[in-house]
Amino acid sequence: MAEPRRLGERAPCEPLLDVNGLEVSYGAIKALKGISLSVGKGEAVALIGANGAGKTSTLRAVSGMIKPGSGVITLRGESVGGLKSHEMVPRGLAHAPEGRGVFPNLTVQENLDLGAYLRRDKDGIAADLKKVFGFFPRLEERRLQMAGTLSGGEQQMLAISRALMSRPTLLLLDEPSLGLAPQVTQVIFRILRDINAQGTSVLLVEQNAHLALSLAQWAYVLETGEVAMEGTGQALLASEDIRKAYLGE
Amino acid sequence: MYEFIQHVINGLAAGTIYALVALGYTMVYGVLKLINFAHGDVMMLGVYVGYAVAFLLGREHLGTISGALLVFAVSLTACAAFGFFIERFAYRPLRDKPRLTSLITAIGISFALSYGFQLDLAVSVGGHSITLLPGAASRRFPAIITPTEWAVLGDNDVIIWNWQVISFVIALTLMGGLQYLVFRTRFGKAMRAVSHDHRVAGLLGIPVDTIIAGTFMLGSALAAGAGILYAIKDKSIQPLMGVMVGLKAFVAAVIGGIGNLPGAVVGALLLGLCEEFIVGYTASSWRDAVAFGFLIVVLLVRPEGLFGRAQAEKV
């Protein structure tokens, strides 16, 4: 396999997540054919690419939702490949899945409580609750409303907030802009930038390459289950190929 | 009038037993979306375990409180263990397969239990014959609670038996406890999350396998408790006894709105009363037809069951 093209210089940072030669198959179909990527401490990293390129599968393998066929996944120096998703949470990983996955028949508050399921520190939980309500005041207004009655944008806010309630070091986000109005997407990405600036590392999958690349310090371009290109968000945004293929210019 | 009161009491007594079985049904359905058709047969298993314990205890312990408690405790524990076993080895491997697969597996387990128990199997150890499978003949369930009249109204017109009161109290306590467990505890919160979406629940750190196994154990233990109460009432037990009780409890759970705990209880009490009135005022051969007819009527009028609710959801 050819080395992916590299654009720009990556700012050095302490390694957090390291994925090496990750392969995932669904029956006879190989969705990931040896993906290697890394996320540093405090970094925001984006995965962009067309439908079916393997972005969601990558996130799912990292968070333990699906078992990788082969490859090594290391989180903070510990090999975590093949662990189940509930075992990843205490290791500092939170995953806001594709399609938001809020519990429609539970209230906003109950959804958030479940995000802190493994935590026992009441004061810390209360502080984090205050923090996410600070990010998304609309959730506080709808605290006692069933999550199923929220708008799509509010559900996305809830999904992100719920993931934050476990106080993760690494936040995986799958298509946070999916199906949302542009203004709502703007709000969410502004908050994501804040969350990242406050020290949470982010691994973001996004169809909207422009948004993703302007948030991420480093990004990988996936094509049919392989990393085709990687680079700084800025360099990729400026690249002719990327502009043609993913930004519709 | 006395006759009517007597029917109400008998109906409620029968209904509480259905309720305990129905709670297990509805709880497992709520968490797994699986109709565990083996549930009634797990109940039958619990009855036979209770029978064995009572038999081993011997006559002198029958009717004592400690004896009765021991019968319940061993039977509940054995069924909880069996529930764990079938979930682990029969249902868990099929969890991500189409739902029909688990349903048919459940029917298979049901048959395996109800017909397996009709085999006669005994081994001889050191001159003692130990029965492993009881055989098809019905047996008399020992009176682990000595039946006494708890209250009498009029001139022996209405009799309330102690076992009726005991089963009513046990059933209500278990229902209350379950409601508390599901809505007020961490385990219950996790159960509800798993019931909505077990994959997302896992992403939040909830140990999905543990929660599902716990739900199965709890449901199976409830079935065992119901089975012992049923055996005390009916006195005669046989390997197919779980089939009809299981079906009736399933009907009760659907009438109440499957997945809904208070619904299962109300559905079961209604069913118990309904059957008792039919038997009391018409002919007992109508009983089952009316029970299932009741189900059809409820499904026609309110397909989600009495307490089920249509969900408001934006997509």
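Computed from a prediction, not measured in an experiment: that's the story for all the values here.

The rules we used
Residues numbered from 1 in each chain as written. Chains lettered and ligands numbered in written order. Predicted model: local features only at pLDDT ≥ 70, side-chain atom pairs only at ≥ 80, totals over all residues. Heavy atoms only, no water. Helix = DSSP H or I, 4+ residues; strand = E, 2+ residues; numbered from the N terminus. Rg over C-alpha atoms; globule rule 2.2 N^0.38 Å. Buried < 20%, exposed > 50% of the residue type's maximum accessible area, 1.4 Å probe, protein only. Contact = heavy atoms within 4.5 Å. Lys, Arg positive; Asp, Glu negative; His and termini not counted. Charge placed at Lys NZ, Arg CZ, Asp CG, Glu CD. Axes fitted to C-alpha atoms, helices over the stretch in contact; angles between N-to-C directions. Parallel < 35°, antiparallel > 145°, perpendicular 65-115°, else oblique. Left-handed = near helix turned anticlockwise from the far one by under 90°. Nonpolar A, V, L, I, M, F, W, Y, C, P; charged D, E, K, R; others polar. Core = buried A, V, L, I, M, F, W, Y, C linked by side-chain atoms within 4.5 Å. Pairing = 2+ DSSP bridges. Buried area = accessible area lost by both parts, 1.4 Å probe. Salt bridge = Lys/Arg side-chain N within 4 Å of Asp/Glu carboxyl O. Polar contact = N/O pair within 3.5 Å; in protein donor to acceptor, adjacent residues only side chain to side chain. pLDDT = per-residue confidence, 0-100. Patch = residues over 30% accessible without salt bridge, like charges linked within 9 Å, V, L, I, M, F, W, Y side chains within 5 Å. Areas by Shrake-Rupley, 256 points an atom, 1.4 Å probe, with all protein chains shown as cover. Phe/Tyr/Trp six-rings, centres within 6.5 Å; stacked < 30°, edge-to-face > 60°. Lys NZ or Arg CZ within 6 Å of the ring centre and 35° of its normal.

**Digging into the overall build of chain A**
Link 1 in the chain: Counting secondary structure elements, chain A contains ten helices and eleven strands.
Link 2 in the chain: Relative to its length of 249 residues, chain A is compact, with a C-alpha radius of gyration of 17 Å against a globular reference of 18 Å.
Link 3 in the chain: Each of the 249 residues in chain A was classed as buried or not, and the buried ones make up 56%.
Link 4 in the chain: Across chain A, contacts joining residues at least 24 apart in sequence account for 69% of those joining residues at least 6 apart.
Link 5 in the chain: Side chains of chain A give 27 positive and 27 negative charges; the mean places of these two sets differ by 4 Å.

**Some remarks on the packing of helix α2 (residues 39-57) of chain B against helix α3 (residues 65-91) of chain B**
Residue and element names in this part refer to chain B.
Link 1 in the chain: Contact geometry for α2 and α3: axes closest at 8 Å, N-to-C directions at 140°. Between α2 and α3, the interaxial angle falls into the category oblique. Regarding α2 and α3, the two cross each other, and that crossing is right-handed. In this structure, α2 contributes Val42, Leu45, Gly46, Val49, Gly50, Val53, Ala54 and Leu57 to the contact, and α3 contributes Gly67, Leu70, Val71, Val74, Ser75, Ala78, Cys79, Phe82 and Ile86.
Link 2 in the chain: The class makeup of the residues in the contact of α2 with α3 is 13 nonpolar, four polar and no charged.

**What to know about the nonpolar core**
Looking at soluble globular proteins, one finds that nonpolar side chains tend to be buried together.
Link 1 in the chain: Judged by nonpolar contacts, the single largest core of 90 residues is most densely connected at Leu23(B), Tyr91(B), Phe141(B), Ile144(B) and Ile206(B).
Link 2 in the chain: If we ignore the near neighbours within four places in the chain, the residues touching Tyr91(B) are Leu34(B), Asn36(B), Ala38(B), Ile86(B), Ser102(B), Thr105(B), Ala106(B), Ile109(B) and Phe216(B).
Link 3 in the chain: In this structure, Ala116(A), Ile160(A), Leu173(A) and Ala209(A) belong to the second largest nonpolar core, which totals 50 residues.

**Some details on the sheet that holds strand β5 (residues 70-75) of chain A**
All names here are of chain A.
Link 1 in the chain: Judged by pairing direction, the sheet is antiparallel, and its four strands sit side by side in the order β3-β2-β5-β6 without closing on themselves. Edge positions in the sheet fall to β3 (29-40) and β6 (78-79), since each of these pairs with one other strand and no more.
Link 2 in the chain: Bridge count for β5 against β6 is two bridges, and the pairing is antiparallel. Bridge pairing in β6 links Leu75 to Glu78.
Link 3 in the chain: Most of the contacts of helix α1 (residues 55-63) go to strand β2 (residues 15-26), to which it runs at about 115°, and overall it touches β2, β3 and β5.

**With respect to the interface of chain A and chain B**
Link 1 in the chain: Listed by partner, the interface residues are 27 residues for chain A and 23 residues for chain B.
Link 2 in the chain: Roughly 2,400 Å² is buried in total at the junction of chain A and chain B, and carbon and sulfur atoms are behind 59% of that figure.
Link 3 in the chain: Contact with chain B buries area across many residues of chain A, yet Phe103(A), Asn105(A) and Tyr117(A) alone supply 28% of it, more than any other trio.
Link 4 in the chain: The closest approach of N and O atoms between Asp209(B) and Lys84(A), which form a salt bridge, is 2.8 Å.
Link 5 in the chain: Counting every contact that joins chain A to chain B gives four residue pairs in polar contact (both at pLDDT 80 or more).
Link 6 in the chain: Taken together, the elements giving at least two residues each to the side of chain A that touches chain B come down to α1, α2 (85-88), α3 (108-115) and α6 (152-164) of chain A.
Link 7 in the chain: In terms of residue class, the side of chain A that touches chain B is made up of ten nonpolar, eleven polar and six charged.

**Digging into the confidence of the model for chain B**
Link 1 in the chain: In the predicted model, chain B carries a mean pLDDT of 90, and the fraction of residues at 70 or more is 98%.
Link 2 in the chain: The spread of mean pLDDT over the elements of chain B runs between strand β2 (residues 128-134) of chain B, the lowest at 83, and α3(B), the highest at 95.

**Some remarks on the sheet that holds strand β10 (residues 218-223) of chain A**
Residues and elements named next belong to chain A.
Link 1 in the chain: Within the open sheet, the seven strands sit side by side as β1-β11-β10-β4-β9-β8-β7. Their pairing is mixed. Looking at which strands have only one partner, the edges of the open sheet turn out to be β1 (5-7) and β7 (93-96). Recorded for the sheet is a direction-independent mean angle of 15° between the axes of neighbouring strands.
Link 2 in the chain: The sheet contact formed by β1 and strand β11 (residues 226-232) spans three bridges and is parallel. By the bridge assignment, Arg6 is partnered in β11 with Glu230.
Link 3 in the chain: Across the sheet, α1 is in contact with β4 (44-49), β7, β8 (170-174), β9 (201-205) and β10; its angle to β8 comes to roughly 145°.

**Here's the deal with the packing of α2(B) against helix α4 (residues 99-116) of chain B**
Residues and elements named next belong to chain B.
Link 1 in the chain: Following both chains from N to C, one finds α2 and α4 inclined at 30°, their axes separated by 8 Å at the closest point. With respect to each other, α2 and α4 are oriented roughly parallel. Classified by chirality, the crossing of α4 by α2 is left-handed. Taking contact as the criterion, the partners of Asp41, Val42 and Met44 in α2 are, on α4, Ser110, Leu113 and Ser114.
Link 2 in the chain: Classifying every residue of the contact of α2 with α4 gives three nonpolar, two polar and one charged.

**Structural notes on α1(A)**
Link 1 in the chain: Most of α1(A) sits out of view: eight of its nine residues are buried.
Link 2 in the chain: Restricting attention to buried positions, one finds in α1(A) the residues Lys55(A), Thr56(A), Ser57(A), Thr58(A), Leu59(A), Ala61(A), Val62(A) and Ser63(A).

**Overview of a nonpolar patch on the surface**
Link 1 in the chain: A cluster of nonpolar side chains, Ile107(B), Phe111(B), Tyr115(B), Leu240(B), Val243(B), Met244(B) and Leu247(B), forms an exposed patch at the surface whose accessible area comes to about 570 Å².
Link 2 in the chain: Of all elements in the fold, only α4 and α9 (241-256) of chain B reach the threshold of two or more residues within the nonpolar patch.

**Let's talk about the side chain of Ser63(A)**
Link 1 in the chain: With respect to the element layout, Ser63(A) can be found in helix α1.
Link 2 in the chain: Filtering out sequence-adjacent residues up to four positions away, Ser63(A) remains in contact with Ser85(A), Met88(A), Leu93(A), His95(A), Leu172(A) and Leu203(B).

**Re the packing of aromatic side chains**
Link 1 in the chain: Scanning all chains against the criterion turns up twelve aromatic pairs over all chains.
Link 2 in the chain: Here Phe37(B) and Phe250(B) contribute two aromatic rings whose centre-to-centre distance is 5.3 Å and whose plane-to-plane angle is 65°, an arrangement assigned as edge-to-face. Here Phe37(B), found in the loop between α1 (2-32) and α2, pairs with Phe250(B), found in helix α9; they are 213 residues apart in sequence, far enough to count as distant.
Link 3 in the chain: Given the relative accessible area of 16%, Phe250(B) is considered buried.
Link 4 in the chain: Measuring from ring centre to ring centre gives 5.3 Å for Tyr91(B) and Phe216(B), while their planes differ by 40°; the resulting arrangement is tilted. In this pair, Tyr91(B) sits in helix α3 while Phe216(B) sits in helix α8 (residues 208-234), placing the two residues 125 residues apart along the sequence. Phe216(B) shares its class with Tyr91(B); the two are buried.
Link 5 in the chain: Of the aromatic side chains, those joined through ring pairs into one cluster are Tyr48(B), Tyr51(B), Phe55(B) and Phe117(B).
Link 6 in the chain: In this structure, Arg162(A) is placed above the aromatic ring of Phe103(A), and the distance from its NZ or CZ to the ring centre is 5.1 Å.

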